[in-house]
Amino acid sequence: MAESMVELVANRYGKSRVRLLKVTHDNGAGAGWKDVHEWTVQVLLTGGFEAAHTHGDNALIVATDTMKNTVYSLARRSEAGTMEEFAGELIEHFLARNPQVSAVRVHIEAALWKRLIVEGKPHPDTFMRGSNEVQTATVEKTRGAMSTYVCGFRELNLLKTANSAFWGFQRDELTTLPETRDRVFGTAVEANWTYTGADVDFAAARTAARETMLRVFANHVSESVQQTLYAMAEQTLETITEIQEVWMAMPNKHCLLIDLSRFGQNNPNQIFVPTDEPHGYIEARVRRK
């Protein structure tokens, strides 16, 4: 039999989009007080699974249905209050039970539920979706090594209606965009950051990173999306010492000024049409020296 001319160089597998809603009862705030987390979980295993690919031998395969059930069962026992902590628990579970597994990657996305304010007071058991924002956490561990934590969010929709400009850019015969020192700046921020270690208050650090980025976006006098993105990442690194690196993407969701002159009206930057496509796309990675 001729020797195969191909080889399996890498593989991993797992379960994706495991939907989980966990309601925590009486978190210390009083009888009847609830908390809620909605998480979508992905578990990926790397290890000695070559025979399953090359010979159809499933003896070392952990069924993905088992992974799904593990998410639910572990969530019932877990006291983790953050995605990062729960991901770490899942990783240790699979490594402890499966010597053929060399590495585990867990990615979790969280929907943003906010406690409903009723008659000026937080309601003990009712929530509303705050926005389309999705918070994310990816934890990965190779057996015998330290875990890596990459956390962030996406679809954080922001809009500046002042202190935003774009001028002085290159022009050629195909350039039609006018320069402006007063434009509407809309974006849907995606960001993630890498921690230098696991000794982190994940909830506090996430809140601080998000609030820092929001504050900078609001207060920054922007000459471009690039400049504002860098300022947001730079201030996040200066504020939160546990963060080693920040990656951000900020699409420029254009708001186009409508020409009302044909109706005998002026338009002093008041009436726009928001557009999603096509849009500018800006990304950068900023790290400590």
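Check the entry above for the structure.
Not measured: the values here are computed from a predicted model. (Residues numbered from 1 in each chain as written. Predicted model: local features only at pLDDT ≥ 70, side-chain atom pairs only at ≥ 80, totals over all residues. Heavy atoms only, no water.)

S.K.: Just to check I follow, could you spell out the packing of helix H4 (residues 202-219) against helix H5 (residues 225-239) for this structure?
M.R.: To characterise two packed helices, one gives the angle between the axes of the helices and the distance between these axes. Relative to each other, H4 and H5 sit at 140°, their axes nearing to 9 Å. Here H5 runs oblique to H4, going by the angle between their axes. Between H4 and H5 the crossing geometry is right-handed. On the side of H4, the interface is formed by Ala209, Thr212, Met213, Arg215, Val216 and Phe217, while H5 contributes Thr228, Ala231, Met232, Gln235, Thr236 and Thr239. Of the residues assigned to the contact of H4 with H5, the class counts are 6 nonpolar, 5 polar and 1 charged. (Axes fitted to C-alpha atoms, helices over the stretch in contact; angles between N-to-C directions. Helix = DSSP H or I, 4+ residues; strand = E, 2+ residues; numbered from the N terminus. Parallel < 35°, antiparallel > 145°, perpendicular 65-115°, else oblique. Left-handed = near helix turned anticlockwise from the far one by under 90°. Contact = heavy atoms within 4.5 Å. Nonpolar A, V, L, I, M, F, W, Y, C, P; charged D, E, K, R; others polar.)

S.K.: I keep staring at unusual backbone geometry and nothing clicks. Help me out?
M.R.: In terms of backbone geometry, most residues other than glycine have negative phi values and most peptide bonds are trans. Across the junction of Glu277 and Pro278, the peptide omega takes the value -15°, indicating a cis bond. Within the secondary structure, Pro278 sits in the loop between strand S9 (272-274) and strand S10 (280-287). Positive phi outside glycine occurs at Glu155, with the angle close to 60°. On the secondary structure map, Glu155 appears in strand S5 (residues 148-160). Classification of Glu155 by relative accessible area gives partly exposed; the value is 37%. One non-glycine residue, Asn269, lies in positive phi territory at about 55°. Under the relative-accessibility criterion, Asn269 is labelled partly exposed at 31%. (Buried < 20%, exposed > 50% of the residue type's maximum accessible area, 1.4 Å probe, protein only.)

S.K.: I would appreciate a short explanation of the pattern of salt bridges in the present structure.
M.R.: Should the charged atoms of two oppositely charged side chains come close, the side chains can pair. Tallied over the entire structure, the rule returns 10 salt bridges. Here Arg285 ties to Glu245 by a salt bridge, and the two come within 2.9 Å at their closest N and O atoms. Of the two residues, Arg285 sits in strand S10 while Glu245 sits in strand S7 (residues 243-252), which places them 40 residues apart along the sequence. For the salt bridge of Asp276 with Lys253, the shortest nitrogen-to-oxygen distance reads 3.8 Å. Of the two residues, Asp276 sits in the loop between S9 and S10 while Lys253 sits in the loop between S7 and strand S8 (255-257), which places them 23 residues apart along the sequence. What emerges from the salt-bridge pattern is a single network uniting Glu245, Arg285 and Arg287. (Salt bridge = Lys/Arg side-chain N within 4 Å of Asp/Glu carboxyl O.)

S.K.: Would you take a moment to explain the packing of aromatic side chains for this structure?
M.R.: Centre-to-centre distance and the angle between the planes together describe a pair of aromatic rings. What the rule picks out here adds up to 7 aromatic pairs. Plain terms: the ring middles of Phe153 and Trp193 are 6.0 Å apart, the flat faces sit at 65° to each other, and that makes the pair edge-to-face. Of this pair, Phe153 sits in strand S5 while Trp193 sits in strand S6 (residues 185-195), and the two are 40 residues apart along the sequence. Exposure remark for Phe153: the relative accessible area of 2% places this residue in the buried category. Look at Trp193 and you get buried, because its relative accessible area is 0%. Among the aromatic residues, those joined into a ring-pair cluster are Tyr149, Tyr195 and Phe202. Here the guanidinium or amino end of Arg181 rests over the ring plane of Trp167, the centre of that ring lying 3.6 Å away. One Lys or Arg, Arg183, reaches over the ring of Phe185 and ends 5.9 Å from the middle of that ring. (Phe/Tyr/Trp six-rings, centres within 6.5 Å; stacked < 30°, edge-to-face > 60°. Lys NZ or Arg CZ within 6 Å of the ring centre and 35° of its normal.)

S.K.: Explanation requested: the environment of Thr136 in the structure shown.
M.R.: With respect to the helices, strands and loops of the structure, Thr136 is situated in strand S4 (residues 121-142). Distance in space between the C-alpha atoms of Thr136 and Ala110 is 6.3 Å, their sequence separation being 26 residues. The residues touching Thr136, leaving out its near neighbours within four places in the chain, are Met83, His107, Ile108, Glu109, Cys151, Gly152, Phe153 and Arg206.

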